[in-house]
Amino acid sequence: MAYADSTTIDEIDVEIWAKGDRTRHKPSVKHYKVRIDDERFVIDDPLVTGRQLLELAAKFPPEEFLLLQRLANGMLKEIRLDEQVDLRAPGLERFHTFRTDRAFFFMLDGRRFEWGAPFITGQKLKELAGVDPTTFDVWQELHDAEDRLVGDEDEADLTTAGVERFFTGKKTTTEGSGPTFLPLADRKYLESKKYVFEEVTQGSERGVIFRDMRMPQDRFDADKADVLVMLPPGYPDLAPDMFYLLPWVRLVGVNRYPTRADVSHIFLGQDWQRWSRHNYEWRPGIDGIWTMLKRVECALEVAA
């Protein structure tokens, strides 16, 4: 449904208008249609309180309900009973109600959301993230176990201690090798730096392969190599440790493997060169894949 420029419009669907260019003009409107949960209601006054919206949707008594406004950017904002909402403002989307006396907070793709129910489905998380539900999956980050895939009909518990963290990713990588699981911050960093990488799994193990990384000049008998970084359960709160090269490389001039880089590691049916370089200074919430790549670069530069 499109709205053309005019002096007066009889009725406007606020949710549909929000998805267009609402800054282009502000027409005079007689009636505003708003969506509350899965129903649409007509309001004459563009200024409406949270209490009025709840009463319009027959949510009685209003004091027992939580009202959330979904903004155009996908974020949710709590509307108090006495708070006034201007339906003429740009970017207004829709409203959600919950019979509850508290809100639950969680992080989704690096953004903080509040929700009025103790559980949330994978389908709803995708909707809030603004991703295509047919081509994206959503995972819950777990500190002491492998991240959990949240199916469309699965319910994630928001009542546990701390703030739950979720992230979305395409169901396959660009190479079509499997699901994506890197945190959003890692992915944005790698893409901004033009890394060619592939997220891979073997059973419960997960890793990232960086393709054709350049080796330090004149140090090894290969100019490029694939670098494998294994990610432990609980990453990024827990640190990656060793890394692996393919093909194996030797030091130029002495024709031997670098110190603590002479052990084989079989992964995805290939024989990788294990570089035993341990990480004891990982900072949860600060370090990420960029930290591990710098450790790899440093280890290669000083190898002897």
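Quantities reported herein were computed from a predicted structural model and do not represent experimental measurements. (Residues numbered from 1 in each chain as written. Predicted model: local features only at pLDDT ≥ 70, side-chain atom pairs only at ≥ 80, totals over all residues. Heavy atoms only, no water.)

1. Observations regarding the overall build of the protein
Link 1 in the chain: What the protein contains, in helices and strands, is five helices and 21 strands.
Link 2 in the chain: With 304 residues in all, the protein has 48% of them scored as buried.
Link 3 in the chain: Approximately 15800 Å² of the protein is accessible, and the part contributed by carbon and sulfur atoms is 49%. (Helix = DSSP H or I, 4+ residues; strand = E, 2+ residues; numbered from the N terminus. Buried < 20%, exposed > 50% of the residue type's maximum accessible area, 1.4 Å probe, protein only. Areas by Shrake-Rupley, 256 points an atom, 1.4 Å probe, with all protein chains shown as cover.)

2. Thoughts on the sheet that holds strand β19 (residues 243-246)
The pairing of strands in a sheet comes from backbone hydrogen bonds and takes either a parallel or an antiparallel form.
Link 1 in the chain: Taken together, the six strands give an open sheet; going across it, the order is β16-β17-β18-β19-β21-β20, and neighbouring strands pair in antiparallel fashion. The open sheet is flanked by β16 (197-202) and β20 (263-267), the only strands paired with a single partner. The mean angle between the axes of side-by-side strands here comes to 35°, regardless of whether they run parallel or antiparallel.
Link 2 in the chain: Bridge analysis of β19 against strand β21 (residues 270-275) gives three bridges, and the strand direction is antiparallel. Considered in β21, the bridge of Y244 is made with R274.
Link 3 in the chain: Together, β17 (205-214), β18 (224-231), β19 and β21 form the strand contacts of helix α5 (residues 289-302), whose direction differs from that of β19 by roughly 60°. (Pairing = 2+ DSSP bridges. Axes fitted to C-alpha atoms, helices over the stretch in contact; angles between N-to-C directions. Contact = heavy atoms within 4.5 Å.)

3. A closer look at the environment of F167
Link 1 in the chain: By the element assignment, F167 lies in strand β15 (residues 164-170).
Link 2 in the chain: Leave out the neighbours within four places in its chain, and F167 touches L108, D109, D137, V138, W139, E141, D147, T180, F181 and L182.

4. Focus on the nonpolar core
Link 1 in the chain: Within the largest apolar cluster, 32 residues are counted, with the highest numbers of intra-cluster contacts made by F210, F243 and W275.
Link 2 in the chain: Elements with a minimum of two residues in this core: α4 (184-192), β17, β18, β19 and α5.
Link 3 in the chain: The element best represented in this core is α5, accounting for six residues.
Link 4 in the chain: Excluding residues within four positions of it along the chain, F243 makes contact with V227, L228, V229, Q273, R274, W275, R277, M292, V296, A299 and L300.
Link 5 in the chain: Counting 23 residues, the second-largest nonpolar core is a separate cluster that includes M75, F104, V131 and V150. (Core = buried A, V, L, I, M, F, W, Y, C linked by side-chain atoms within 4.5 Å.)

5. Quick word on unusual backbone geometry
Link 1 in the chain: Residue P236 is reached from Y235 by a cis peptide bond, and omega for that bond is 15°.
Link 2 in the chain: Mapping P236 onto the fold places it in the loop between β18 and β19.
Link 3 in the chain: Between L246 and the following residue, P247, the backbone shows a cis peptide bond with an omega angle of 5°.
Link 4 in the chain: Within the secondary structure, P247 is located in the loop between β19 and β20.
Link 5 in the chain: Positive phi values are uncommon outside glycine, yet A58 reaches one of about 60°.
Link 6 in the chain: Mapped onto the elements, A58 comes out in the loop between α2 (50-56) and β5 (65-71).
Link 7 in the chain: For A58, a relative accessible area of 53% puts it in the exposed group.
Link 8 in the chain: With a phi angle near 65°, D218 is a residue other than glycine that sits in the positive phi range.

6. Quick look at the packing of aromatic side chains
Link 1 in the chain: Scanning all chains against the criterion turns up eleven aromatic pairs.
Link 2 in the chain: Relative to F166, the ring of F106 has its centre 5.8 Å away and its plane inclined at 85°; by these criteria the two rings are edge-to-face. One end of the pair, F106, is in strand β9 (residues 104-108); the other, F166, is in strand β15, and 60 residues separate them in sequence.
Link 3 in the chain: F166 sits in the buried class, given a relative accessible area of 2%.
Link 4 in the chain: Geometrically, the ring pair formed by F243 and W275 is stacked, given 5.4 Å between the ring centres and 20° between the ring planes. (Phe/Tyr/Trp six-rings, centres within 6.5 Å; stacked < 30°, edge-to-face > 60°.)

By themselves, these figures tell us nothing about what the structure is for.
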